[in-house]
Structures are given as C-alpha cells and as structure tokens.
Amino acid sequence: MGQSLLCGAWVLFALLSFVDATVLFSTLPRTLAVEDEIQNQVPAMGLAKAGDDHLVIRWVLNATAQEAAAPGLDASYEKVSLKLCYAPVSQVERGWRKKNDDLHKDKTCSKAIATQKYTSQGNSTVWRITKDVPGAVYFVRAYVLNSNGTQVAYGQTRNLITIEPISGRHASIDVAAAIFSAFSVGSLIFFLALENMRGRRSSGSK
C-alpha cells in the first residue's frame, strides 16, 4: 500500500513538472523590439552569404512595454537568447522546420546566435553567419529568459534575410580548374599542329 502511494506521488509530481515546464509561444508577451542588418551592406539588399557575412542585431524593451509597464514588469527578466529562425516561406513541406506552439517541440528557431544578460537599455551583438547555416529565408527572434531559463517574453525582427549557403568550392579550386582547362586546350592545339607538320613531311618525302 505504502509503495503504491509513493509511486502515485512520483507520477503526480512528474505530471506537474511537465505541465509547469511547457511553454506556449502564444502566451508570451511581445515586449522586445529587435532589429538586424547585414554588416557593411549599403544599400541593404537583404541577401547574406553563410561563412562570410555578419549580422548586427540590436534589442531593447519596446516603447509599448515601457509606456504600459507597471513597476517591475521586467523584474523576472534575466537573459536574452537570440536565435535565427526559418521564415514561413522556408517551412513549407519541411517538417524538420515545422512551427509548434509548444516551444519544446518548435523547430522554427533551431540556430542559436548568442545569449546576453538582460538590461532595459538593451544590447547588441555582431554574429558571423556560420558555414553550417542552410540556404533559406530567415528572421531573428529574441527570447527573454527568467532565472530558471524559461521563456517569459519575446521579440523578433520584421524584415527577412535570405542566406545563401556556401558552395563547398574554394576559389583556388576554380583557378586551378581554369588553368588546367587552358593547358589542355593548348596541348591539344600543339599536338594537332605537330601531327599536321608530320603529315606534310611525309607527303613531301614521297
């Protein structure tokens, strides 16, 4: 009897922990203003290359939240987690990028950019787009975390950025291929001319 009660208590505790850990995106208030731009890109084209370009990301408590905020609105804000997220157009027919309201199951924002300490004055970071980022259309989302690391608010960029994947070919390979191609053509012309000369000599000797 005692063991049954103990097991029941553990099951109840596990269920309560699971419910407590579940965070729904739809319940999060949008309290951060987030902006991004491709570093040194003038004019802004919205097209970046993985492994080469850098994103400049800025975030701050948005004006609406500041105006409507009661004292202590951001008292539980500890950190801000910046993530690169697939835009809806890049989620179509791609289950591995599928959006889910349950953030534990959501696959929209799978690429971590940086985690920073929260301050109401905001902060910024410069992130080099890593080589492993797939080619797609993206936006940046910032999750506000409490002391337990749980998402309690968010903000995201309004503009979209298209990232081109790396080709996998180095410039030196292209140069070597061009040289080899030119050498091959030159060698072919040389041998054809040599054969032509031999043919003429053979005809003259007769």
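Here the structure is a predicted model, which means the values were calculated and not measured.

Asker: Give me the overall build of the chain: which residues, what numbers.
Answerer: Scanning the chain from N- to C-terminus turns up three helices and nine strands. Listing every helix and strand of the chain by position from the N terminus yields α-β-β-β-α-β-β-β-β-β-β-α. Looking at the chain residue by residue over its 206 residues, the buried ones come to 29%. Roughly 13,700 Å² of accessible area belongs to the chain as shown, and the carbon and sulfur atoms make up 59% of that amount.

Asker: Can you explain the state of the cysteines? Please cite residues and give values.
Answerer: For the coordinates displayed, the defined rule picks out one disulfide. In this model C85 forms its disulfide with C109; the gap between the sulfur atoms is 2.0 Å. Its torsion about the S-S bond being 105°, the disulfide of C85 and C109 is classed as right-handed. Taken as a pair, C85 in strand β4 (residues 79-86) and C109 in the loop between β4 and β5 (111-117) lie far apart in primary sequence, 24 residues in all. Here C85 and C109 have matching classes, each one buried.

Asker: Provide a residue-level description of the nonpolar core, including the pertinent values.
Answerer: One recurring pattern in soluble globular proteins is that nonpolar side chains are buried together. In terms of nonpolar packing, the biggest core is built from 28 residues, with L32, L55, L84, I129 and I163 touching the most fellow members. Elements that contribute at least two residues to this core include exactly β1 (32-38), β3 (54-61), β4, β7 (136-145) and β9 (161-164). Ranked by residue count, the leading element in this core is β7, at five residues. Look past the residues within four positions of L32 in its chain and what remains in contact with it is W59, V60, L61, N62, V80, Y118, A142, V144, Y154, G155 and Q156. Counting twelve residues, the second largest nonpolar core, distinct from the first, contains C85, C109, Y143 and Y154.

Criteria and cut-off values
- Counting restarts for each chain, with residues numbered from 1 along the sequence as it is written.
- Two thresholds apply to this predicted model, a pLDDT of at least 70 for residue-level local features and 80 or more for giving and counting side-chain atom pairs, whereas whole-chain, interface and lining totals are computed over all residues.
- Here the side-chain values reflect all heavy atoms present in the structure, with hydrogen atoms and water set aside.
- Only DSSP runs of H or I with at least four residues qualify as helices, and only runs of E with at least two residues qualify as strands; both kinds are numbered from the N terminus onward.
- Burial classes: relative accessible area under 20% of the type maximum marks a residue as buried, over 50% as exposed, and values in between as partly exposed (1.4 Å probe, protein chains only).
- Values of accessible area rely on a 1.4 Å probe in the Shrake-Rupley scheme; residue burial ignores everything except the protein chains shown.
- Disulfide: a pair of cysteine sulfur atoms within 2.5 Å of each other.
- In this text, buried Ala, Val, Leu, Ile, Met, Phe, Trp, Tyr and Cys residues form a nonpolar core when linked through side-chain atoms within 4.5 Å.
- In what follows, a contact means two residues having at least one pair of non-hydrogen atoms within 4.5 Å.

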